[in-house]
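The residues making up each chain are set out below.
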Amino acid sequence: MNIPNTEPERQLFFIQQAKEHVGEIQKKLGRPLTFCVNTFGCQMNARDSEKLVGILEQIGYVEQESEEADFVIYNTCTVRENANLRVYGRLGYLHSLKKKNPHMMIALCGCMMQEEHVVAKLKKSYSFVDLIFGTHNIYKFPELLMNRFDSKGMIVDIWKDTDKIVENLPSERKYSFKSGVNIMFGCNNFCSYCIVPYVRGRERSRQPEHIIAEIKRLVADGVAEVMLLGQNVNSYGKNLEEPVTFAQLLEQIEGIEGLERIRFMTSHPKDLSDELIAVMKSSKKICSHMHLPVQSGSSRILKIMNRHYTREHYLEVVAKLRQAIPDISLTTDIIVGFPGETEEDFLDTLSLVREVGFDSAFTFIYSKRTGTPAAAMEDQVPEDIVKDRFDRLLATVQEVAHEKSARFTETTQEVLVEDYNKEKDLLTGRMGNNILVHFPGDASQIGTIVPVYLKECKGFYYLGEMTR
Ligand code: 5AD
Ligand code: SF4
């Protein structure tokens with residue numbers, strides 16, 4: 001048999017083989033084989049899961065929500081310790097399902113699998129797992145699956161790093177009208193608390209023409225909104241043979257006919273350029289929303305975090321954004337309890353939240369990640385102090401966000417209709433600034449952009465009425 005050596009041809013070959021294999025089992029059982037993909041963590045993982053779903057559907061598996069399926073994949077996250085603990089906890093439950101269903105297979109992939117101690121533990125104590133792979137070789141899923149079909153034991157394939165980007169494999173979309181699009185993989189920043197650079201590898205940008213071609217295909221297939229994904233989109237394109245800036249990429253994407261909305265995440269404050277702000281200002285499609293993780297309001301802590309900006313620089317960037325796009329919504333990520341954080345540092349964070357006036361913020365308790373510089377730092381902050389700070393931060397964030405989000409009351413906004421709630425007989429849509437609004441309408445409007453008058457702010461969402 002001639003197995004192709006090039007990608008994606010090689011994986012398409014294995015998809016075909018797996019399809020025949022699954023077809024035979026289905027014939028024997030007289031029923032379809034089902035699968036369930038459970039995704040932990042960020043948008044990057046969500047997009048990876050859509051690729052896994054696309055491949056499994058091509059192979060002939062049928063998706064279902066329940067984990068009582070013939071194939072269960074956990075696409076894992078390891079950015080904070082509790083995500084790991086949840087996976088171990090649920091594996092026990094999966095084992096009990098597997099004992100009842102001899103055809104059941106369990107696969108684990110994603111960031112957690114890039115950690116040696118995790119894989120060692122799985123091999124030792126969770127030998128019922130069928131397939132383990134990592135973040136760099138997710139494109140190889142069809143081949144690995146076929147390897148598992150052909151053998152009896154656990155298949156483990158983890159790469160330490162890669163410079164490879166495989167294009168044009170199948171993928172499914174969770175929503176018909178919006179989609180994530182990877183523009184880059186990995187991260188080079190090494191913030192001292194963060195495990196991402198170790199598990200997602202060095203920064204690699206996709207070629208702009210591949211990105212444009214993918215978005216054109218998505219638009220032709222009914223997508224109105226794309227979310228450009230990267231750990232630090234502001235450094236997109238720096239390492240391409242012919243360097244392209246993120247702002248230039250956005251301009252090219254803006255030109256795609258039929259595409260209505262462009263979002264992106266995540267931006268790093270140190271790399272946010274004036275060029276990007278100018279492009280956002282003149283764009284008709286880029287949403288007026290910026291997710292700009294600040295992590296801490298203390299310049300002293302930011303330095304130890306290796307963030308390469310100060311509180312003052314962050315505030316300057318915010319001022320520039322607001323000057324160019326007065327209505328822009330700003331959201332952020334904040335960590336409390338980083339090693340050495342004093343009450344004074346923490347108060348700097350609280351005052352920054354008020355000074356910026358974030359529309360919303362994800363708040364995290366610092367989690368010690370083995371192998372990162374921060375894990376070895378002295379002065380880890382005691383748990384009770386961290387918990388107290390976290391509660392105070394959350395209260396401040398909610399108070400500020402509450403005040404902020406009401407500012408669009410009694411205005412009319414363009415809203416992308418995303419969902420229909422049967423019980424309440426209301427549509428749910430998302431404004432460009434990412435805030436939700438509920439309003440009367442019918443399900444046929446899902447996926448379209450409609451003008452909605454915002455009657456009343458209910459904290460984090462609005463009640464409104466369509467104006468046409
Ligand atoms: N502990 C707590 N939060 C973390 N994040 C990243 N690493 C850690 C950690 N070790 C948060 C950061 C980042 C978000 C995705 O997760 O705020 O922006
Ligand atoms: Fe982690 Fe910092 Fe990279 Fe974000 S920019 S993924 S926080 S190392």
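Residues numbered from 1 in each chain as written. Chains lettered and ligands numbered in written order. Predicted model: local features only at pLDDT ≥ 70, side-chain atom pairs only at ≥ 80, totals over all residues. Heavy atoms only, no water.

Peer 1: Please give an account of the overall build of the protein that cites residues and values.
Peer 2: Broken down by element type, the protein carries 13 helices and 19 strands. Since a compact globule built from 468 residues should have a radius of gyration of about 23 Å, the 23 Å found for the protein is in line with a globular shape. Its C-alpha atoms give the protein principal-axis dimensions of about 65 × 60 × 50 Å. Per-residue burial for the protein yields a buried fraction of 56% across its 468 residues. Residue pairs in contact within the protein that sit at least 24 positions apart in sequence constitute 73% of those at least 6 positions apart. Accessible area of the protein: about 21300 Å², with a carbon and sulfur share of 50%. Positive and negative side-chain charges of the protein, numbering 57 and 65 respectively, have mean locations separated by a distance of 4 Å. (Helix = DSSP H or I, 4+ residues; strand = E, 2+ residues; numbered from the N terminus. Rg over C-alpha atoms; globule rule 2.2 N^0.38 Å. Buried < 20%, exposed > 50% of the residue type's maximum accessible area, 1.4 Å probe, protein only. Contact = heavy atoms within 4.5 Å. Areas by Shrake-Rupley, 256 points an atom, 1.4 Å probe, with all protein chains shown as cover. Lys, Arg positive; Asp, Glu negative; His and termini not counted. Charge placed at Lys NZ, Arg CZ, Asp CG, Glu CD.)

Peer 1: Explain the site of ligand 1 to me, and be specific about the residues and the numbers.
Peer 2: Taken together, Val79, Arg80, Tyr193, Gln295, Asp333, Ile335, Phe364, Ile365, Tyr366, Ser367 and Arg369 form the complete shell of residues around ligand 1. A distance of 2.9 Å is found between an oxygen atom of ligand 1 and a side-chain nitrogen or oxygen belonging to Arg80. A distance of 2.7 Å separates an oxygen atom of ligand 1 from a polar atom in the side chain of Asp333. Surface burial for ligand 1 is 85%, taken as the share of its 400 Å² of free accessible area covered by protein chains. Taken together, the elements giving at least two residues each to the shell around ligand 1 come down to β13 (329–336) and β14 (360–365). (Near = heavy atom within 4 Å. Polar contact = N/O pair within 3.5 Å; in protein donor to acceptor, adjacent residues only side chain to side chain.)

Peer 1: Residues and numbers for the site of ligand 2, please.
Peer 2: If you check the shell around ligand 2, you find Cys187, Asn189, Phe190, Cys191, Tyr193, Cys194, Val196, Pro197, Gln231, His268 and Arg307 and nothing else. In terms of residue class, the shell around ligand 2 is made up of 7 nonpolar, 3 polar and 1 charged. (Nonpolar A, V, L, I, M, F, W, Y, C, P; charged D, E, K, R; others polar.)

Peer 1: Give me the lowdown on unusual backbone geometry, citing residues and values where you can.
Peer 2: Cis geometry is adopted by the peptide bond preceding Pro8, which originates at Glu7 and carries an omega value of 10°. Relative to the helices and strands, Pro8 resides in the segment before α1 (9–29). The residue after Met265, namely Thr266, is reached through a cis peptide bond having omega 5°. Within the secondary structure layout, Thr266 lies in the loop between β11 (261–265) and α9 (274–282).

Peer 1: For the packing of aromatic side chains, give the residues involved together with the corresponding values.
Peer 2: Summed over the entire model, instances satisfying the criterion amount to 15 aromatic pairs. Centre to centre, the rings of Tyr193 and Phe338 are 6.3 Å apart; their planes meet at 85°, and the pair counts as edge-to-face. Here Tyr193, found in the loop between β8 (184–185) and α6 (196–200), pairs with Phe338, found in the loop between β13 and α12 (343–356); they are 145 residues apart in sequence, far enough to count as distant. Phe338 carries the same exposure label as Tyr193, and that label is buried. Taken together through their ring pairs, the aromatic side chains of Tyr61, Phe71, Phe133 and Phe141 make up a single cluster. For the cation-ring pair, Arg80 lies above Phe364, with the distance from its terminal atom to the ring centre recorded as 3.8 Å. Note that Lys178 overlies the ring of Tyr175, its terminal NZ or CZ placed 4.7 Å from the centroid. (Phe/Tyr/Trp six-rings, centres within 6.5 Å; stacked < 30°, edge-to-face > 60°. Lys NZ or Arg CZ within 6 Å of the ring centre and 35° of its normal.)

Peer 1: Can you break down the packing of helix α7 (residues 208–220) against helix α8 (residues 246–254) residue by residue, with the values?
Peer 2: Close contact between α7 and α8 brings their axes to 10 Å; oriented N to C, the two are set at 30°. With respect to each other, α7 and α8 are oriented roughly parallel. For the element pair α7 and α8, the recorded crossing hand is right-handed. Note on element contacts: α8 touches α7 through Leu249, Gln252 and Ile253, opposite Pro208, Ile211, Ile212 and Ile215. (Axes fitted to C-alpha atoms, helices over the stretch in contact; angles between N-to-C directions. Parallel < 35°, antiparallel > 145°, perpendicular 65-115°, else oblique. Left-handed = near helix turned anticlockwise from the far one by under 90°.)

Peer 1: Go over the pattern of salt bridges with me, naming the residues and quoting the values.
Peer 2: Counted by the stated rule, this structure contains 33 salt bridges. When the shortest N-O distance is used, the salt bridge between Asp130 and Lys98 registers 2.7 Å. Here Lys98 lies in helix α3 (residues 81–100) and Asp130 lies in the loop between α4 (116–125) and β5 (131–133), a separation of 32 residues in the sequence. For Lys98, a relative accessible area of 19% translates into the label buried. Of the charged contacts in the structure, one is a salt bridge between Glu116 and Lys160, with a shortest N-O distance of 2.9 Å. One end of the pair, Glu116, is in helix α4; the other, Lys160, is in the loop between β6 (155–157) and β7 (178–182), and 44 residues separate them in sequence. (Salt bridge = Lys/Arg side-chain N within 4 Å of Asp/Glu carboxyl O.)

Peer 1: Residues and numbers for the sheet that holds β13, please.
Peer 2: With parallel pairing, 3 strands are arranged side by side in an open sheet as β12-β13-β14. Across the chains shown, the open sheet's two edge strands, defined by having one partner strand only, are β12 (289–291) and β14. Taking the axes of each pair of neighbouring strands and ignoring which way they run, one obtains an average angle of 10° across the sheet. With 3 bridges joining them, β12 and β13 adopt parallel strand pairing. Bridging across to β13, Met290 finds its partner in Leu330. (Pairing = 2+ DSSP bridges.)

Peer 1: Tell me about a negative patch on the surface, residues and numbers included.
Peer 2: Where like charges cluster on the molecular surface, the negative patch consists of Glu57, Glu63, Glu65 and Glu172. Here Glu57 lies in helix α2 (residues 43–59). Here Glu57 falls in the partly exposed class, since its relative accessible area comes to 31%. (Patch = residues over 30% accessible without salt bridge, like charges linked within 9 Å, V, L, I, M, F, W, Y side chains within 5 Å.)

Peer 1: Would you mind going over the nonpolar core in detail, with residue names and values included?
Peer 2: Ile215, Leu228, Phe246, Ile253 and Met290 are the most contacted members of the largest nonpolar core, which totals 70 residues. It is helix α11 (residues 311–324) that contributes the most residues to this core, 6 residues altogether. Not counting residues within four places of it along the chain, the set of residues in contact with Ile253 comprises Ile211, Ile212, Ile215, Leu228, Leu259 and Ile262. Phe13, Phe14, Val37 and Leu144 belong to the second largest nonpolar core, which has 29 residues in total. (Core = buried A, V, L, I, M, F, W, Y, C linked by side-chain atoms within 4.5 Å.)

Peer 1: Can you explain the side chain of Glu50? Please cite residues and give values.
Peer 2: Among the secondary structure elements, Glu50 is positioned in helix α2. Here Glu50 falls in the buried class, since its relative accessible area comes to 13%. Beyond its immediate sequence surroundings of up to four residues, Glu50 is in contact with Ser171, Glu172, Arg173, Lys174 and Ser179.

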